[in-house]
Amino acid sequence: MLASGSYDNTIRLWLIRMNTELRTFTGHSRYVEDIAFSPDGKLIASGSVDTTIKLWDVGTGTEVRTIAGHTGIVWSV
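The structure contained in this document is the topic of the report that follows. (Residues numbered from 1 in each chain as written. Predicted model: local features only at pLDDT ≥ 70, side-chain atom pairs only at ≥ 80, totals over all residues. Heavy atoms only, no water.)

## Re the pattern of salt bridges
Counted according to the given criterion, the structure contains 3 salt bridges. Between Asp8 and Arg12 there is a salt bridge, with its nearest N and O atoms 3.1 Å apart. Since its relative accessible area comes to 38%, Asp8 is described here as partly exposed. The class for Arg12 is partly exposed, based on a relative accessible area of 24%. Several salt bridges share partner residues, and in doing so they unite Asp8, Arg12 and Glu21 into one network. (Salt bridge = Lys/Arg side-chain N within 4 Å of Asp/Glu carboxyl O. Buried < 20%, exposed > 50% of the residue type's maximum accessible area, 1.4 Å probe, protein only.)

Here you go:
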């Protein structure tokens, strides 16, 4: 699997071998700047221009938590 973040405020999860999109994660209000998988591959963390970090369940595509408190863009997670 591969995850990509975009200027359309989404994260997309791709199945590389099948060359297809598995799901789209929506919830950020501004561009997604960085993404990282948890070591077990069950969560994705995303950082955004909207100054938040969001945690996502890879299996369901649902938002698990929003972490707020940054005063600027979250460039890296």
